[in-house]
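If you want the building blocks of each chain, they are given just below.
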Amino acid sequence: MKQISKMLSFKTVLTTLFILVAVKLVWSIVSLLWLPVVGVDHQEEHTGKPLFYRVKLTPNEAPAPVKKKTPVKKRSSGNIKNIKLIGIYDSGEDAVVVLIYKGKTKVITIGESVNGFTLDHTTATEAVFSKNHKYYTVKLTKNKRKIEKMATVTEAKDEAPTATDTNDETPEGNATEQQHRVLKRSEVDMFADNLSEVYKNIGIREVKKDGKLAGFRVTFIRRDSAFAKLGLRRGDVLKSINGEALDNYATAYRAYQNIQDTDMMTLKIERGNKEMELEYEID
Amino acid sequence: MVKKILLYTFVIWGALLLFMPKKNLYFKAESILESQGVVLNEASIEEGFATLELRDVTLYAKGIQVAHADEVSFLTLLAYNQLKVSQLQIDKGFQNMFPKEITDATVVYSVISPLRIAIDAVGSFGTLKGYVDLKERKVHLDLLETKEIKSIQRYLKKGEEGWFYETDF
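Residues numbered from 1 in each chain as written. Chains lettered and ligands numbered in written order. Predicted model: local features only at pLDDT ≥ 70, side-chain atom pairs only at ≥ 80, totals over all residues. Heavy atoms only, no water.

1. A look at the overall build of chain B
Stated precisely, the cut-off is as follows: Each helix is a run of DSSP H or I of at least 4 residues and each strand a run of E of at least 2, with the numbering of both proceeding from the N terminus. The classification of residues rests on relative accessible area computed with a 1.4 Å probe and restricted to protein chains. Under 20% of the type maximum is buried, over 50% is exposed, and intermediate values are partly exposed. In what follows, a contact means two residues having at least one pair of non-hydrogen atoms within 4.5 Å. Each accessible area value is a Shrake-Rupley result obtained with a 1.4 Å probe; residue values ignore everything except the protein chains displayed when judging cover.
Regarding its fold elements, chain B presents two helices and ten strands. Ordered by position from the N terminus, the helices and strands of chain B form the series α-α-β-β-β-β-β-β-β-β-β-β. Looking at chain B as a whole, 41% of its 169 residues qualify as buried. Sequence separation of 24 or more characterises 30% of the internal contacts of chain B that already satisfy a separation of 6 or more. Just so you have it, chain B exposes about 9800 Å², and 60% of that area is on carbon and sulfur atoms.

The structure is reproduced here in structure tokens:
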């Protein structure tokens, strides 16, 4: 009888051990197949804020100076209609033009060439190119809309390019119409202290390209709100603030948190297929 | 025979708890949360027989620091599961949208009511008690005592028994 009892208890112990081993084995298999061995940690960005400088080649207060160059005998020749002039930056000593050639945006300075046409000089509204000792004037394309009054706006123009002989020079418009938008410090501080007020007045939604965040689209702006005065419109995509690309939420939130310590703010946006810069002074 | 069945059941239950890879299960939960844009950073993780304790936990949502908790502990007895959060401080930027502080919060799920998760919390807003109805996909929280509710008042409704919060998911 005692032997039977011993056998039973031995059997019980064996069974218990078997259960323990079996359970351990099951958990090990589960861990091995489905469970990660390391956790997920948020890594703080330690790259530092990139230095941001805004360089103005022309003062805001005055239109770009018209360069008085020695008149050159110009003759009508060739066709550069493929070149669309969308911007001129003239510092008086040097000049940079922004143009669209074959659908691509190019930035060239005096002496550089596009399609064999070398940039010779600029005026407030024209870029003069030379090729084979002949001169060609490309006029700045005219904007169909009024440039935003709320902010400094540098934008591409809509009208088709015109390539003319320099003999037909007729200055039209400016490459950039720059206006300062001054924001009230008290208003900025109110929004900086109250995030929920921001969401009441403006709606933003993330924009992704190739699975990565590429900015924030404005989904609505409340009329008569401070945000309506910023020059933003529904559908605009916010691309960067003060040179920092808005490619993650943390950057956007950091910019929001630091806005009380900022006196100047530059917002790069995409409107339609065009990129624009809105510049604000907080006073 | 009954004794043996009870004994083996107890052994299986104990073994499941003892050998449960709690840290790895937590890491799995972290990776699921990460796909929703939520990340938890913790200073230390301690595993017990049926518990997992996290200290100095920082909660990030979409890369933004949202809250910090002194301690978060999980208890599982398989049939009864409890999550406790102590001293949860909401980040300054969000204090106008959420309660500033949750002193203690307890979330309980047990097989006795498998379709309901019970919630109790004490914080700067006062005291609340409520539940998550998994069948009706509804959250209902009753504020039993109210203190600072100005920041969250817009989310609340006033009922016969006081303020309450209700939402569907």
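2. Focus: the overall build of chain A
Tallying secondary structure elements over chain A gives four helices and 16 strands in all. Taking all 283 residues of chain A together, 42% fall into the buried category. Looking at chain A as shown, the accessible area adds up to about 17100 Å², and 54% of this sits on carbon and sulfur atoms.

3. Some thoughts on the interface of chain B and chain A
Accessible area lost when the parts come together is the quantity often used to give the size of an interface. Applied cut-off: Values labelled buried area give the accessible surface lost by two parts on being combined, using a 1.4 Å probe and summing over both. Salt bridges are counted wherever a side-chain nitrogen of Lys or Arg sits within 4 Å of a carboxyl oxygen of Asp or Glu. Definition of a polar contact: a pair of N or O atoms within 3.5 Å, with one able to donate and the other able to accept a hydrogen when the atoms are protein atoms, and with sequence-neighbouring residues admitted only if both atoms are side-chain atoms.
Counting residues at the interface gives 31 residues for chain B, matched by 31 residues for chain A. With both sides pooled, the region where chain B packs onto chain A buries about 2800 Å², and carbon together with sulfur makes up 68% of that total. At the boundary of chain B and chain A, one finds zero salt bridges. For the pair chain B and chain A, the interface holds five residue pairs in polar contact (both at pLDDT 80 or more). Every element with two or more residues in the side of chain B that touches chain A is listed here: helix 1 (2-19), helix 2 (22-35) and strand 1 (38-47) of chain B. Of the residues forming the side of chain B that touches chain A, the biggest block, eight residues, is contributed by helix 1 of chain B.

4. Side note on the side chain of A:Thr12
The residue A:Thr12 is located in helix 1 (residues 2-34) in this model. Taking the relative accessible area as the measure of exposure, A:Thr12 reaches 15% and is therefore buried.

5. So, the nonpolar core
The cut-off we apply is this: Here, nonpolar core means buried Ala, Val, Leu, Ile, Met, Phe, Trp, Tyr and Cys residues that are tied together by side-chain atoms lying within 4.5 Å of each other.
The biggest cluster of nonpolar side chains holds 60 residues, and the ones touching the most others in it are A:Leu232, A:Leu267, B:Phe94 and B:Phe125. Top element by residues in this core is strand 3 (residues 64-76) of chain B. It accounts for five residues. Judged by nonpolar contacts, the second largest core, of 16 residues, contains A:Leu85, A:Leu99, A:Ala127 and A:Leu140.

6. Some details on the sheet that holds strand 3 (residues 104-109) of chain A
All names here are of chain A. Formally: Each pair of strands is called paired provided DSSP finds at least two bridges between the two strands. Inter-axis angles, ranging from 0 to 180 degrees, are taken between N-to-C directions of lines fitted to C-alpha atoms, where helices are fitted over the stretch in contact.
Spatial ordering of the open sheet is given by 1-2-3, a layout of three strands whose pairing is antiparallel. Each edge of the sheet is formed by a strand with only one pairing partner; in this case those strands are strand 1 (83-90) and strand 3. Put simply, the sheet's adjacent strands are angled 20° from each other on average, direction ignored. Relative to strand 2 (residues 95-101), strand 1 runs antiparallel, the two being bridged by seven bridges. Note on strand 2: the bridge partner recorded for Gly 87 is Val 98.

7. Things to note about the confidence of the model for chain A
Where the model shows low pLDDT, its predicted coordinates should not be examined in detail. All names here are of chain A. For the record, the criterion: What pLDDT expresses is the predictor's confidence in each residue, scored from 0 to 100.
Of the residues in chain A, 70% have a pLDDT of 70 or more, and the chain-wide mean is 74. Low pLDDT, under 50, characterises residues 73-78; the stretch is placed with twelve contacts to residues that sit more than four places away or in other chains. Scored below 50 in pLDDT, residues 143-179 makes 115 contacts in the model with residues more than four places away or belonging to other chains.

8. Quick look at the pattern of salt bridges
A side chain of one charge can pair with a side chain of the opposite charge if their charged atoms are brought near each other. All names here are of chain A. Tallied over the full model, the rule gives twelve salt bridges over all chains. With a closest N to O distance of 3.2 Å, Glu 244 and Arg 254 form a salt bridge. Residue Glu 244 is found in strand 14 (residues 244-245), and its partner Arg 254 is found in helix 4 (residues 249-258); the two are separated by ten residues along the sequence. With relative accessibility at 12%, the residue Glu 244 sits in the buried group. Note on Arg 254: relative accessible area 30%, which makes it partly exposed.

9. Regarding helix 2 of chain B
Residue and element names in this part refer to chain B. Quick note on the threshold: Expected helix span is given by 1.5 Å per residue-to-residue step, counting one fewer step than there are residues.
End to end, helix 2 covers 20 Å across 14 residues, agreeing with the expected 20 Å (1.5 Å per residue, within 8%). Those residues of helix 2 that fall on the buried side of the exposure criterion are Lys 22, Asn 24, Tyr 26, Phe 27 and Glu 30. Considering only its buried residues, helix 2 is in contact with helix 1, strand 1, strand 2 (51-61) and strand 3. Of the residues one or two after helix 2, Gly 37 is the one with positive phi, at around 85°.

10. What to know about unusual backbone geometry
Of note in the backbone geometry, A:His133 takes a positive phi value of approximately 65° without being a glycine. Looking at the element boundaries, A:His133 is found in the loop between strand 6 (126-131) and strand 7 (134-139). In this structure, B:Gln87 is a non-glycine residue whose phi angle is positive, near 50°. Among the secondary structure elements, B:Gln87 is positioned in strand 4 (residues 80-90). For B:Gln87, a relative accessible area of 27% translates into the label partly exposed.

11. Here we look at a nonpolar patch on the surface
Residue and element names in this part refer to chain A. Worth spelling out the cut-off: Patches were defined on residues exceeding 30% relative accessible area and lacking a salt bridge, with like-charge contacts within 9 Å and nonpolar side-chain contacts (Val, Leu, Ile, Met, Phe, Trp, Tyr) within 5 Å.
Together, Leu 25, Ile 29, Leu 32, Leu 33 and Trp 34 give the surface a local cluster of nonpolar side chains, amounting to about 610 Å² of exposed area. Inspection of the secondary structure assignment puts Leu 25 in helix 1. Residue classification places Leu 25 among the exposed residues on the basis of a relative accessible area of 53%.

12. A look at the sheet that holds strand 8 (residues 138-146) of chain B
Residue and element names in this part refer to chain B. Within the open sheet, the ten strands sit side by side as 1-2-3-4-5-6-7-8-10-9. Their pairing is antiparallel. The outermost strands of the open sheet, each flanked by one partner alone, are strand 1 and strand 9 (157-159). Averaged over all pairs of adjacent strands, the angle between strand axes in this sheet comes to 20°, irrespective of strand direction. Those strands touched by helix 2 are strand 1, strand 2 and strand 3, and its axis lies near 170° from that of strand 1.

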